[in-house]
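A look at the structure
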Amino acid sequence: MNKPLINLIIACGQNGEIGLGGGLPWEGEYAEDREWYTSQTLDNIRVGTRGAIMNFTADRPSVLVSSSNEMPDHCLGVYNWHELTPDHILNDIKASFPQYSIYIVGGVEWYEASAHVADRILLTRIAKDFDHDRKVDLDLILANRKLESSKVASTHGEVTFETWV
Ligand SMILES: NC(=O)c1ccc[n+]([C@@H]2O[C@H](COP(=O)([O-])OP(=O)(O)OC[C@H]3O[C@@H](n4cnc5c(N)ncnc54)[C@H](OP(=O)(O)O)[C@@H]3O)[C@@H](O)[C@H]2O)c1
């Protein structure tokens, strides 16, 4: 069995755009990216904020990071980001669920605060501008990393699946 990893998985437009109106800026497009996200996170644990884990895979094992202790029914746990460091949160989840890999799934502040703890970053880069209300600082998320692999999507030339370590 492979060693469980702490991953960060994210898809963004060329300006770091990740969200619009609670959904994706490109909602309904890019089925290949959706399949990529679903297959990666299948049977693993997603760790994210309320706005990030309540998506189409809301029934998957997930852990909430929140300053409120109120926990949605399907969640395995809740960690208070205000009281604990990302390093503490992620390594505690790793120790509690050693059979699973961990996927950091956003939102914006959680991505930016926790990126340095991830063993690798799985970035879907979409070379287009999008209307958005949420965007990340991609330079911050990829700081001190190197590109390990890059593959253009078979269905859309503007979409690239990148792995940064
Ligand atoms: N493209 C992608 O890959 C991707 C991935 C995920 C989400 N999205 C999209 O992005 C949007 C949701 O993201 P969002 O950022 O708006 O989510 P959000 O859940 O609204 O994120 C804000 C929340 O993050 C928590 N937070 C604040 N500072 C934090 C910190 N330093 N560390 C950890 N948590 C902190 C707070 O939660 P509490 O108030 O509970 O404390 C805050 O209310 C949606 O549109 C979604 O579809 C896109």
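Refer to the structure above for everything that follows.
Here's a quick rundown of the structure. (Residues numbered from 1 in each chain as written. Predicted model: local features only at pLDDT ≥ 70, side-chain atom pairs only at ≥ 80, totals over all residues. Heavy atoms only, no water.)

A few points about unusual backbone geometry
Quick note on the threshold: Here a strand is any run of E in DSSP of at least two residues, a helix any run of H or I of at least four, and the numbering for each starts at the N terminus. The cut-offs for exposure are 20% and 50% of the maximum accessible area for each residue type, with area from a 1.4 Å probe on protein chains only; residues under the lower value are buried, those over the upper are exposed, and the others partly exposed.
Residues glycine 106 and glycine 107 are joined by a peptide bond in cis, for which omega reads 5°. Position of glycine 107 relative to the elements: it lies in the loop between strand E6 (102–104) and helix H4 (108–114). Despite not being glycine, tyrosine 30 has its phi angle at roughly 60°, a positive value. Summarising the element assignment, tyrosine 30 is placed in the loop between strand E2 (17–19) and helix H1 (31–41). Residue tyrosine 30 is classed as buried on the basis of its relative accessible area, which comes to 4%. Of note in this structure, aspartate 43 is not a glycine but carries a positive phi near 60°. Looking at where aspartate 43 falls in the secondary structure, it is placed in the loop between H1 and strand E3 (45–48). According to the relative accessible area criterion, aspartate 43 is exposed, its value standing at 56%.

Observations regarding the environment of valine 108
The line we're drawing: Every residue pair with non-hydrogen atoms within 4.5 Å of one another is taken to be in contact.
Mapped onto the fold, valine 108 is located in helix H4. Along the primary structure valine 108 and glutamate 17 are separated by 91 residues, whereas in three dimensions their C-alpha atoms are 9.9 Å apart. Non-local contacts of valine 108, meaning those with residues more than four positions away in its chain, are made with Ile18, Arg134, Lys135 and Val136.

Observations concerning the sheet that holds strand E10 (residues 159–164)
Short version of the rule: DSSP-based pairing: two strands are paired if at least 2 bridges between them are found. Throughout, an axis means a line fitted to C-alpha atoms (over the contacting stretch in the case of helices), and angles, computed between N-to-C directions, take values from 0 to 180 degrees.
The strand order across the open sheet built from eight strands is E5-E4-E3-E6-E1-E7-E10-E9, with neighbouring strands paired in mixed fashion. Where the open sheet ends on each side, the last strands, each with one partner, are strand E5 (75–79) and strand E9 (147–152). Taking each pair of neighbouring strands and ignoring which way they run, the sheet shows an average axis angle of 20°. The sheet contact formed by E9 and E10 spans five bridges and is antiparallel. Along E10, the bridge assignment pairs valine 152 with threonine 160. Sitting on the sheet, H1 is in contact with strand E1 (6–12), E3, E6, strand E7 (120–126) and E10, with an inclination near 165° to E7.

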